[in-house]
Every structure is written in structure tokens, then in C-alpha cells.
Amino acid sequence: MLKFINYINEFIVSVHKTNHVILPWGCDFAFQNAAQNYQEMEKVIEYINKNNKANMKLLMSTPGRYVDALK
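Residues numbered from 1 in each chain as written. Predicted model: local features only at pLDDT ≥ 70, side-chain atom pairs only at ≥ 80, totals over all residues. Heavy atoms only, no water.

Tallied over the entire structure, the rule returns three salt bridges. As a salt-bridge pair, lysine 43 and glutamate 40 come within 3.5 Å of each other at their nearest N and O atoms. You can see lysine 43 and its partner glutamate 40 sitting in helix α2 (residues 34-51), three residues apart, about one turn around the helix. Residue lysine 43 is classed as exposed on the basis of its relative accessible area of 53%. The shortest N-O distance in the salt bridge between glutamate 46 and lysine 50 comes to 3.0 Å. Of this pair, glutamate 46 and lysine 50 both sit in helix α2, separated by four residues, roughly a single helical turn. (Salt bridge = Lys/Arg side-chain N within 4 Å of Asp/Glu carboxyl O. Helix = DSSP H or I, 4+ residues; strand = E, 2+ residues; numbered from the N terminus. Buried < 20%, exposed > 50% of the residue type's maximum accessible area, 1.4 Å probe, protein only.)

Functional significance is not addressed by these values, which are geometric in nature.
The structure is reproduced here in C-alpha cells:
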């Protein structure tokens, strides 16, 4: 998980000019079993939110909510 947090900080957060960043997850065929994929994403998000020392909070969202947060 530390590598994932470092990836977010170094390659995602560093190129955004806002406090909100988007992190696409998966690819076109990644969600053939949506329920299982969402459960796994929730586990990762929960773990990182509880264990990261960076000032970040991950959450699942939609493109519309992301755009609204940028306003």
C-alpha cells in the first residue's frame, strides 16, 4: 500500500493544481464482476484512509461530483 500512496502523491497529486484529484481505476473490461470490484476498491480505500500519514482522503465518486468539487 505504501507504493500506491507514493504513486498517488508523486504522480497524481503533483500534476493537479487543486485539492481534488481523480484517479481512474481499472480499464474497459475491469468491471465484469462489478460487485466484487467495488468491494475490493472499498477495502483499499478504507485501508489507505486509516493508515496513510499523508493528508489525503480517498473516496469513490463520479465524474459529476469531481467536477462539482473543483468549482
